[in-house]
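What the coordinates show
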Amino acid sequence: MTLNFTPAPLDDPLYYLRNFEWVLGWVRQRYGDLLPPAELAFIDQALALPEASRGLLVRMVMRKGDLFRPETLEYPELEPFSKASAPLQQLGWLVEDPQISLETLFRLFTWSSLKTVFINRLEAHGIPPTARKSEALDRLRGELEPEDLEPRLASSWGLAPQALVQLTVMPQCDRLRWLFFGNGYQGWSEFVLTELGLYQYEPVTFDERSRPVHKRTELETFWQLLECRQQWHEDESPEAVLEQLPPEPEEQPWLARHYHRLLFKMARHWERTGELERARDSYQRSSYPGARGRLLRVLERLGYHETAFELAQAAQQAPESEAERQQLERLLPRLKRTLTGERQRRTAPPEVPELHLILPQDPSVERAVAAYLSTPETPVYYAENTLLTGLFGLLMWDAIFEPLPGAFFHPFQRGPADLYWPDFVERRADRFDALMAQLTTGAYRQTILDNFERKAGRQSPFVAWGALDQEQLTQALECIPAKHLALCFQRFLQDLKANCAGLPDLIQFWPDERRYHLLEVKGPGDRLQDNQKRWLAFFRQHQMPVSVCYVRWSESADD
DNA sequence: ACCCTCCACGCAAGC
DNA sequence: CGTTGCTGAG
DNA sequence: GCTTGCGTGGAGCTCAGCAAC
Ligand SMILES: [Mn+2]
Ligand SMILES: [Mn+2]
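If you check an unreviewed UniProt entry, chain A appears there as phosphodiesterase I from Marinimicrobium koreense. The UniProt entry for chain A carries the following comment under Catalytic activity (unreviewed entry): "Hydrolytically removes 5'-nucleotides successively from the 3'-hydroxy termini of 3'-hydroxy-terminated oligonucleotides." What the UniProt record of chain A gives under Sequence similarities (unreviewed entry) is the line "Belongs to the FAN1 family."

**Thoughts on the pattern of salt bridges**
With the rule as written, the count across this model stands at 32 salt bridges. For R54, the salt bridge identified is with E21, shortest N-O distance 2.4 Å. Taken together, the residues R54 in helix 3 (residues 51-62) and E21 in helix 1 (residues 15-31) connect sequence positions 33 residues apart. Salt-bridge contacts for E322 lead to R491; the nearest nitrogen and oxygen are separated by 2.9 Å. Remark: R491 occurs in helix 26 (residues 482-494) and E322 occurs in helix 18 (residues 322-340); sequence separation between them is 169 residues. It is possible to trace a salt-bridge network through shared partners that takes in D12, R18 and E51.

**A closer look at the protein's contact with DNA strand D**
Near DNA strand D there are 16 residues, and of these K133, R272, R294, R334 and R527 occur at the shortest range. Of all DNA strand D atoms lying within 4 Å of any protein atom, the proportion belonging to sugar or phosphate reaches 74%. R297 has a polar side-chain atom sitting 3.4 Å from a sugar or linking oxygen of DNA strand D. Contributing elements (two or more residues each) for the surface near DNA strand D: helix 8 (133-143), helix 14 (253-273), helix 16 (291-302) and helix 18. Looking at the surface near DNA strand D residue by residue, the class counts come to 4 nonpolar, 2 polar and 10 charged.

**Some details on a positive patch on the surface**
On the surface, a cluster of positive charge is made up of K265, R268, R272 and K497. Of note, R272 is situated in helix 14. Among the residues examined, R272 registers a relative accessible area of 66% and is labelled exposed.

**Concerning the coordination of the manganese ion (ligand 1)**
Around a metal, the perfect tetrahedron of four donors has angles of 109.5 degrees, and the perfect octahedron of six donors has angles of 90 or 180 degrees. Listed as protein donors to the manganese ion (ligand 1) are E384 (OE) and D505 (OD); their distances from the metal cover 2.0 Å. Taken as a pair, the manganese ion (ligand 1) and the manganese ion (ligand 2) lie 3.4 Å from each other and share D505 as a ligand. Taken together, the positions of E384 in the loop between strand 7 (380-382) and helix 20 (386-395) and D505 in the loop between helix 26 and strand 8 (506-510) put the pair 121 residues apart, joining distant regions of the chain.

**A short note on helix 25 (residues 470-479)**
Within helix 25, burial applies to Q472, L473, Q475, A476, L477 and C479. Tucked into the core, helix 25 has its buried residues touching strand 7, helix 20, helix 24 (444-454), helix 26, strand 8 and strand 9 (515-522). At the N-terminal end of helix 25, a side-chain oxygen is found 3.0 Å from the backbone nitrogen of E471, two or three residues along, and the residue is D469.

Rules used in this analysis
- Residues numbered from 1 in each chain as written.
- Chains lettered and ligands numbered in written order.
- Predicted model: local features only at pLDDT ≥ 70, side-chain atom pairs only at ≥ 80, totals over all residues.
- Heavy atoms only, no water.
- UniProt positions renumbered as here; feature names shortened; annotations may be inferred.
- Salt bridge = Lys/Arg side-chain N within 4 Å of Asp/Glu carboxyl O.
- Helix = DSSP H or I, 4+ residues; strand = E, 2+ residues; numbered from the N terminus.
- Near = heavy atom within 4 Å.
- Polar contact = N/O pair within 3.5 Å; in protein donor to acceptor, adjacent residues only side chain to side chain.
- Nonpolar A, V, L, I, M, F, W, Y, C, P; charged D, E, K, R; others polar.
- Patch = residues over 30% accessible without salt bridge, like charges linked within 9 Å, V, L, I, M, F, W, Y side chains within 5 Å.
- Areas by Shrake-Rupley, 256 points an atom, 1.4 Å probe, with all protein chains shown as cover.
- Lys, Arg positive; Asp, Glu negative; His and termini not counted.
- Charge placed at Lys NZ, Arg CZ, Asp CG, Glu CD.
- Buried < 20%, exposed > 50% of the residue type's maximum accessible area, 1.4 Å probe, protein only.
- Donors = N, O, S within 2.8 Å, 3.2 Å for Na, K, Ca; no water.
- Contact = heavy atoms within 4.5 Å.

What follows is the structure in structure tokens.
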């Protein structure tokens with residue numbers, strides 16, 4: 001029944017309402033047993049409203065913020081605002097004359113309308129009508145008494161009580177949206193963009209019980225976490241948010257990940273603002289990948305060199321990733337030097353063949369090099385991560401989109417929910433093994449080309465359709481030995497997140513000789529990044545053809 | 001695809 | 001008056 | 001002077017209409 005879902009057609013003037021109601025139905029059907037009574041009541045009350053009121057509600061939900069000037073809420077497909085809004089006001093979902101601050105007042109109303117409303121006050125402060133809006137705001141902010149600057153009734157600023165309305169049920173709608181998408185970032189526009197064909201999603205069969213949360217308490221924690229995240233984005237006060245963080249959801253890995261990621265993000269915020277003790281505490285509590293590495297850096301910055309050194313040594317015994325190992329290789333000698341004064345011999349970086357070019361200045365150094373090296377017989381592509389990860393994604397398509405329990409729970413997923421979990425590959429080991437085996441039988445070529453046609457345009461975490469074309473693909477399959485692909489794909493599988501980045505900018509093909517060459521381009525002032533160094537070392541280790549091309553601009557007399 | 005990933009830029013420390 | 005940036009909309 | 005490590009910031013359907021300057 002959930003197969004091949006399509007959003008409401010856009011020629012239906014109420015398409016947005018149809019989509020919203022479809023979500024309400026989906027949520028009630030699949031999560032009804034987990035929903036608190038308040039949310040269930042909200043859904044039922046919403047569905048019982050007159051159509052124009054439902055439409056108006058959804059229009060407001062989809063717009064930015066919760067404050068609206070009624071004259072911006074007249075929609076031709078709905079009743080006039082005055083009529084459509086009445087049932088919403090009856091329920092208290094929409095209220096007139098909300099409390100707003102001076103800043104909000106200035107944000108919502110145009111300068112010319114403020115001038116007519118505010119004329120007396122502006123004159124009293126000696127602000128001429130020719131002043132800029134931002135200047136007027138600054139003046140008022142500085143000159144008004146603090147209690148006058150507190151949020152207060154819109155009418156107390158001199159507005160008519162009907163001049164502004166507030167939607168009060170945004171929190172309920174957010175919670176339903178978060179539950180439907182299983183995350184905090186996807187929104188109602190998914191439906192339109194899908195219907196417009198901008199996004200196409202792989203149709204996946206959903207297990208009826210494939211859900212991100214399974215208990216009432218888990219749902220509550222999930223909502224709390226996303227609320228924290230939202231408050232942080234809105235209030236910019238992570239200190240307050242940290243207080244409201246729910247207890248660590250240890251027993252549920254999906255929630256635990258959300259929890260630790262939020263902690264990590266807050267820590268990173270404090271690290272950037274220089275509140276290093278706070279950063280340290282949060283990094284310490286977080287088990288999100290990279291947290292230990294940042295903690296080490298913060299300890300170092302705080303001057304806790306011994307603590308950092310001990311932790312770094314422990315980390316080196318069991319690095320969580322190659323990236324961390326690489327970071328430790330820099331950090332440990334540095335710490336040792338500060339602690340003991342001993343100077344360490346630096347280990348030489350892997351040898352990578354270099355190419356040095358002097359080219360006329362160009363906005364894109366990669367394109368300049370590609371154009372310079374490319375010939376009709378030996379084309380160069382500016383591929384970066386797109387080609388190799390694309391081949392990987394096309395070959396592994398069926399493994400990636402295998403509908404395991406918990407992997408897919410709504411129709412707008414570009415990949416499985418557990419893609420970056422430690423056990424993602426393990427759970428699909430048979431599938432991945434079978435597809436990897438095609439690289440030894442030779443069947444992989446057909447699989448990749450077939451999927452390139454069959455799945456064309458469908459969202460995938462690994463396939464950037466816009467960057468691939470048939471010819472590039474065919475040449476890649478001709479020129480890159482299956483053994484080399486196998487090595488790269490193994491490395492992707494070891495860390496799907498970190499290892500799908502940092503691949504060289506350019507690839508050149510020699511179809512006649514069935515060979516290829518990878519090239520990382522560096523313009524003036526650009527240096528190899530950590531993940532690029534890791535890939536270069538890997539390519540060299542396996543005798544795969546790669547080099548780095550350093551470019552300088554030729555002196556030009558023009559301009 | 002959970003703001004990332006790539007890049008350019010800019011700063012400070014160390015040679 | 002153009003221009004720049006934001007919002008709403010499909 | 002240079003190099004090196006490290007951090008920051010911007011861009012991410014596309015079009016029309018409007019507000020602000
Ligand atoms: Mn690049
Ligand atoms: Mn490059």
